[in-house]
Amino acid sequence: MSEPTYNTAKLAPGFDLGAFDCGEEGYNQWLTGHAAKAVESGASMVYLLIENRPNSAQRVVGYFAICPTLVVRDDMPRPMQRNLLRNTPGWLLAKLALEKSMRGDKENQWGWQLLRVALETIVSASALGGGQVIVVDADNPGLVGWYSRHGFGATGGDDLRLYMKVATAKKYLDA
């Protein structure tokens with residue numbers, strides 16, 4: 001039996017989204033009920049992590065959504081404010097979710113791999129259209145530590161918004 005292969009693809013008609021389950025109903029519902037509308041309206045771009053098995057249908061096992069945003073420099077952690085405009089262009093990593101069955105794989109680290117593809121996509125987009133900052137809104141305090149371990153800086157307190165400079169993401173991806 002062959003091992004599955006994985007690739008990322010932009011959301012397009014024809015993908016079966018209904019079987020996706022990340023364990024968070026809000027993320028599941030957003031993917032099935034709102035993602036296509038977000039792409040169609042130009043509000044964001046949604047990318048899918050696809051599992052391909054021989055003699056089997058493709059399966060969506062993860063996704064992320066990105067969109068342009070404007071970041072107020074003074075809302076960011078002080079160490080990151082240097083060399084930024086007062087209102088600086090950026091990218092919002094609006095959603096990132098992984099199928100429950102893919103979690104906990106210490107060898108493949110699917111969550112990190114999906115985040116890496118999201119960062120690569122944002123870095124490429126910023127090279128074409130600008131943007132100095134990447135923003136992510138962690139949905140719960142437990143995610144703050146995960147994003148922090150991957151280079152995002154928190155403002156502290158109860159704020160679940162985290163930041164990373166695009167230049168930092170470039171360095172992080174090259175390491």
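Residues numbered from 1 in each chain as written. Predicted model: local features only at pLDDT ≥ 70, side-chain atom pairs only at ≥ 80, totals over all residues. Heavy atoms only, no water.

Engineer: Would you explain the overall build of the protein chain in this entry?
Structural biologist: If you tally the helices and strands in the protein chain, you get 5 helices and 7 strands. Computed over C-alpha atoms, the radius of gyration of the protein chain comes to 16 Å, within 12% of the 16 Å expected from 2.2 N^0.38 for 175 residues, which places it in the range of a compact globule. Taken across its 175 residues, the protein chain has 43% of its residues classed as buried. A separation of at least 24 residues holds for 64% of the contacts in the protein chain among residues at least 6 apart in sequence. Of the roughly 9,700 Å² of accessible surface on the protein chain, 50% is carried by carbon and sulfur atoms. Counting 18 positive and 18 negative side-chain charges, the protein chain places the centres of these two groups 9 Å from one another. (Helix = DSSP H or I, 4+ residues; strand = E, 2+ residues; numbered from the N terminus. Rg over C-alpha atoms; globule rule 2.2 N^0.38 Å. Buried < 20%, exposed > 50% of the residue type's maximum accessible area, 1.4 Å probe, protein only. Contact = heavy atoms within 4.5 Å. Areas by Shrake-Rupley, 256 points an atom, 1.4 Å probe, with all protein chains shown as cover. Lys, Arg positive; Asp, Glu negative; His and termini not counted. Charge placed at Lys NZ, Arg CZ, Asp CG, Glu CD.)

Engineer: Explain unusual backbone geometry here, please?
Structural biologist: Leave glycine aside and you will find that most residues have negative phi; peptide bonds, for their part, are mostly trans. Backbone geometry at Asn55 places phi at a positive 60°, although glycine is not the residue there. Of note, the phi angle at Asn83 is positive, near 65°, even though the residue is not glycine. Note on placement: Asn83 falls in the loop between β3 (59-72) and β4 (87-98).

Engineer: For this particular structure, what's the right way to read the nonpolar core?
Structural biologist: Ranked by size, the top nonpolar core spans 30 residues in total, and within it Phe64, Leu93, Leu115, Tyr147 and Phe152 carry the most contacts. Looking at this core, the elements with two or more residues in it are β2 (45-52), β3, β4, α3 (110-129), β5 (133-137), α4 (141-149), β7 (161-165) and α5 (166-174). No other element matches the 9 residues that α3 contributes to this core. Discounting residues that sit within four places of it in the chain, Leu93 has contacts with Phe64, Ala65, Ile66, Leu115, Ala118, Val135, Val136, Asp137 and Tyr147. Counting residues in each nonpolar core, the second largest holds 17 residues, with Ala9, Leu31, Tyr63 and Ala65 among its members. (Core = buried A, V, L, I, M, F, W, Y, C linked by side-chain atoms within 4.5 Å.)

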